[in-house]
Amino acid sequence: MQIIINAIEHQGEDIIVNCDLDIGMLKGIWKGKSPPVLNSHYYVELTLDDLIPEQIKALPRNKKYIIGVGVKNDDVLFAGICEDYDGEIYYIRFECDWLEMIDIKEDAQSIHLEDNILFWMDYHQVQIFPYDIL
């Protein structure tokens, strides 16, 4: 997925970035070898740490919901569609080039294919890894 860095802050050893995406805004910890540059475009992958069932809500697939990402205070809010489940990992689609694989430690609810999935986490749980496109 592609992002544009719109804010950078330093907290101890961490570099925190705010990013614009086609479907919203994202905030997380920068994990690049080089520091990010304000207003620059990057291709990135995410690692989402320690998602628990209390942070997830499945909405019925018979309604259309918005797909997107947003930031509210220290939380990052995600809304996508469950595309697949392999018995351990849920595959949540956000964009054509963004399929997030999430592991829910204890599945406290029933998530079905094509359900809209809402989940949220503290931005410290979001790691942003830039990569180069050849």
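Residues numbered from 1 in each chain as written. Predicted model: local features only at pLDDT ≥ 70, side-chain atom pairs only at ≥ 80, totals over all residues. Heavy atoms only, no water.

Caption draft 1: Structural context of a nonpolar patch on the surface. Taken together, the side chains of Tyr43, Tyr131 and Ile133 define a hydrophobic patch exposed on the protein surface, amounting to about 270 Å² of accessible area. You can see Ile133 is positioned in the segment after β11 (126–131). (Patch = residues over 30% accessible without salt bridge, like charges linked within 9 Å, V, L, I, M, F, W, Y side chains within 5 Å. Areas by Shrake-Rupley, 256 points an atom, 1.4 Å probe, with all protein chains shown as cover. Salt bridge = Lys/Arg side-chain N within 4 Å of Asp/Glu carboxyl O. Helix = DSSP H or I, 4+ residues; strand = E, 2+ residues; numbered from the N terminus.)

Caption draft 2: The arrangement of unusual backbone geometry in detail. With a phi close to 50°, Asp50 is a non-glycine residue in the positive phi region. Checked against the element boundaries, Asp50 lands in the loop between β4 (41–48) and β5 (56–59). Judged by relative accessible area, which is 59%, Asp50 ranks as exposed. Backbone geometry places Glu114, a non-glycine residue, at a positive phi of 75°. (Buried < 20%, exposed > 50% of the residue type's maximum accessible area, 1.4 Å probe, protein only.)

Caption draft 3: Fine view of the nonpolar core. In terms of nonpolar packing, the biggest core is built from 35 residues, with Ile3, Leu26, Leu46, Phe78, Phe119, Val126 and Ile128 touching the most fellow members. At 5 residues, the largest contribution of residues to this core is made by strand β2 (residues 14–21). Residues contacting Leu26, with those up to four places away along its chain left out, are Val17, Asn18, Cys19, Leu21, Leu46, Val69, Val71, Val76, Phe78, Val126 and Ile128. (Core = buried A, V, L, I, M, F, W, Y, C linked by side-chain atoms within 4.5 Å. Contact = heavy atoms within 4.5 Å.)

Caption draft 4: Structural view of the packing of aromatic side chains. Summed over all chains, the structure comprises 8 aromatic pairs. Among the aromatic side chains, those forming a connected cluster through ring pairs are Phe78, Phe94, Trp98 and Phe119. Sitting over the ring of Tyr123, Lys27 keeps its end group 4.3 Å from the ring centre. (Phe/Tyr/Trp six-rings, centres within 6.5 Å; stacked < 30°, edge-to-face > 60°. Lys NZ or Arg CZ within 6 Å of the ring centre and 35° of its normal.)

Caption draft 5: Region of interest: the pattern of salt bridges. As enumerated under the stated definition, the model contains 1 salt bridge in all. In this structure, Arg93 and Glu83 form a salt bridge, with 2.9 Å as the shortest nitrogen-oxygen distance. Here Arg93, found in strand β8 (residues 89–95), pairs with Glu83, found in strand β7 (residues 75–85); they are 10 residues apart in sequence, far enough to count as distant. By relative accessible area, which is 40% here, Glu83 ends up partly exposed.

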